[in-house]
Amino acid sequence: MALITVYAANKYRGAWQNTLKNAEQDALNVSLIQRDDDVNYRGQGYIYEVSAGKNLQTRYTLQGDGSSQKIFLYQGGHYLGAATVEEIVQFLNKLNCDSEISRLQNKITIGGSSSSNASAADKSKADDAKTNKSDIPGDAGIFTIPANYRGVWYSDESKMELTAHSMVADGDETELHHQSANFSEKQRQNRDIQNKTMHIAAANMTNINGFSGIYIYIAGWCQNAGEKTVYALHQEKGQPVLLIIGTGGGLHDIMWRSPQLAKKYAHTKFADLRKLGGIELN
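Residues numbered from 1 in each chain as written. Predicted model: local features only at pLDDT ≥ 70, side-chain atom pairs only at ≥ 80, totals over all residues. Heavy atoms only, no water.

Chemist: For the overall build of the chain, give the residues involved together with the corresponding values.
Modeler: Within the chain, the regular secondary structure consists of eight helices and 16 strands. Restricting the contact set of the chain to residue pairs at least 6 apart, pairs at least 24 apart contribute 51%. Approximately 14,300 Å² of the chain is accessible, and the part contributed by carbon and sulfur atoms is 44%. (Helix = DSSP H or I, 4+ residues; strand = E, 2+ residues; numbered from the N terminus. Contact = heavy atoms within 4.5 Å. Areas by Shrake-Rupley, 256 points an atom, 1.4 Å probe, with all protein chains shown as cover.)

Written out as structure tokens, the structure is:
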């Protein structure tokens, strides 16, 4: 949602720009509106309403998945335009909005459905996303993976799926949560906490010096030292790729949206990635 808000504010100004400005003081909240087959809104599923303190009826709808997912943008019932996730990322990369998006990502809350016709199950899911904290020390709530990262990714030898709140690799699912800053060293060393968090990881948005982009920084819940992993969305050969980067050892892998592309470019050396080092790119 941070990505969409920053894009709409820069692309269409007006109410979207005011919503972004308001988010400097208030949390950025998204509420679900059941469309009831409203013909004024394109796309599929719910209408998403974004607000920060004051509701300016800045809304969007979605259609499709992955980097080709299309976002339709509105102010109230007025249609502003549409773009794919890939087009949005390209647009924002030119404006160097990485730090702004990262800050905004940490201020997002998920509200309940604003439709009286929404089912109790739908409202429950929205409420869970807002307050979903486990009883594990240091848990500051569920981490939401940006929409353009989600879906299945392939390398020449492996496959990984990113969902809204988890990562699935080699058949194992890891749930991603924000970790509070006061999670202590003593708690990290606690064997009971270590056992409880085998399938939970700490995730955050970050940047890598010398390489622009938006990154998901993931580490084991009780990990306090050693190399950690960064997942960076990028483009090669006109296609979205997910770079797997080790904080201590450069580029580890390049993942594609299809196994065919992964196989085709398995041994290709990309000049723009040489600065990262790793996997014989130099």
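Moving on from the coordinates now.
Chemist: Could you give an account of helix α3 (residues 85-95), naming the residues involved and the relevant values?
Modeler: Those residues of α3 not exposed but buried are V85, I88, V89 and L92. Projected down its long axis, α3 carries its buried residues within an arc of 100°, all on one side. On its buried face, α3 is in contact with α1 (2-12), β4 (70-75), β5 (78-84), α4 (98-105) and β14 (229-236). Once α3 finishes, N96 follows within two positions and takes phi at roughly 55°, a positive value. (Buried < 20%, exposed > 50% of the residue type's maximum accessible area, 1.4 Å probe, protein only. Arc of directions from axis to C-beta.)

Chemist: Describe the nonpolar core, and please don't skip the residues or the numbers.
Modeler: Judged by nonpolar contacts, the single largest core of 42 residues is most densely connected at Y60, I71, L73, L92, M160, L162 and L242. Of the residues forming this core, the biggest block, seven residues, is contributed by α1. Filtering out sequence-adjacent residues up to four positions away, I71 remains in contact with I4, Y60, T61, L62, G81, A82, A83, T84, V85 and I88. Formed by 14 residues, the second largest nonpolar core is a distinct cluster that contains V230, W256, A262 and Y265. (Core = buried A, V, L, I, M, F, W, Y, C linked by side-chain atoms within 4.5 Å.)

Chemist: Provide a residue-level description of the side chain of S166, including the pertinent values.
Modeler: Relative to the helices and strands, S166 resides in strand β10 (residues 166-169). Among the residues examined, S166 registers a relative accessible area of 4% and is labelled buried. Only 3.0 Å separates the side chain of S166 from the side chain of E173, close enough to count as a polar contact. Excluding anything up to four places from it in sequence, S166 contacts I145, E161, E173, T174, E175 and L176. (Polar contact = N/O pair within 3.5 Å; in protein donor to acceptor, adjacent residues only side chain to side chain.)

Chemist: Mind laying out the environment of G248, listing which residues take part and the relevant values?
Modeler: Along the chain, G248 falls in the loop between β15 (239-246) and β16 (250-256). Its relative accessible area of 66% is what places G248 among the exposed residues. Linking G248 and K228, residues 20 residues apart in sequence, is a C-alpha distance of 7.5 Å.

Chemist: Describe the pattern of salt bridges, with residues and values.
Modeler: By the definition in use, this model includes one salt bridge. Linking R59 and E49 is a salt bridge whose minimum nitrogen-to-oxygen distance equals 2.6 Å. One end of the pair, R59, is in strand β3 (residues 54-63); the other, E49, is in strand β2 (residues 44-52), and ten residues separate them in sequence. (Salt bridge = Lys/Arg side-chain N within 4 Å of Asp/Glu carboxyl O.)

Chemist: Give me the lowdown on the packing of α1 against α4, citing residues and values where you can.
Modeler: At a closest axis distance of 9 Å, the pairing of α1 and α4 adopts a crossing angle of 130°. Classified by the angle between their axes, α1 and α4 sit oblique to one another. Like other packed secondary-structure pairs, α1 and α4 cross with a definite hand, here right-handed. Within the contact between the two elements, α1 uses A2, L3, T5 and V6 and α4 uses E100, I101, L104 and Q105. By residue class, the composition of the contact of α1 with α4 is five nonpolar, two polar and one charged. (Axes fitted to C-alpha atoms, helices over the stretch in contact; angles between N-to-C directions. Parallel < 35°, antiparallel > 145°, perpendicular 65-115°, else oblique. Left-handed = near helix turned anticlockwise from the far one by under 90°. Nonpolar A, V, L, I, M, F, W, Y, C, P; charged D, E, K, R; others polar.)

Chemist: How would you explain the side chain of R257 if you had to name every residue and give the values?
Modeler: Inspection of the secondary structure puts R257 in the loop between β16 and α8 (259-264). Of the buried charged residues, R257 lacks a salt bridge, with E86 as the closest side chain of opposite charge at 8.1 Å. A polar contact is formed between the side chain of R257 and the backbone oxygen of R150, at a distance of 2.9 Å. (Lys, Arg positive; Asp, Glu negative; His and termini not counted.)

Chemist: Give a detailed account of α1, specifying residues and quantitative values.
Modeler: Counting buried residues in α1 gives eight out of eleven residues, a clear majority hidden from the surface. Turning to α1, its buried residues number three or more, namely A2, L3, I4, T5, V6, Y7, A8 and A9. Of the residues one or two after α1, R13 is the one with positive phi, at around 55°.

Chemist: Please provide a residue-by-residue account of the packing of aromatic side chains, values included.
Modeler: Applying the stated rule across the entire model yields nine aromatic pairs. Seen in terms of ring centroids, Y74 and Y79 are 5.5 Å apart; in terms of plane orientation they differ by 55°. Their pairing is tilted. Residue classification places Y74 among the buried positions, given a relative accessible area of 0%. Ring pairs connect the aromatic residues Y7, Y12 and F91, which therefore count as one cluster. R42 extends its terminal NZ or CZ atom over the ring of Y79, reaching a point 3.7 Å from the ring centre. One cation-aromatic arrangement involves R257 over W153; the distance from NZ or CZ to the ring centre is 3.7 Å. (Phe/Tyr/Trp six-rings, centres within 6.5 Å; stacked < 30°, edge-to-face > 60°. Lys NZ or Arg CZ within 6 Å of the ring centre and 35° of its normal.)

Everything listed is a geometric property; what it means functionally is a separate question.
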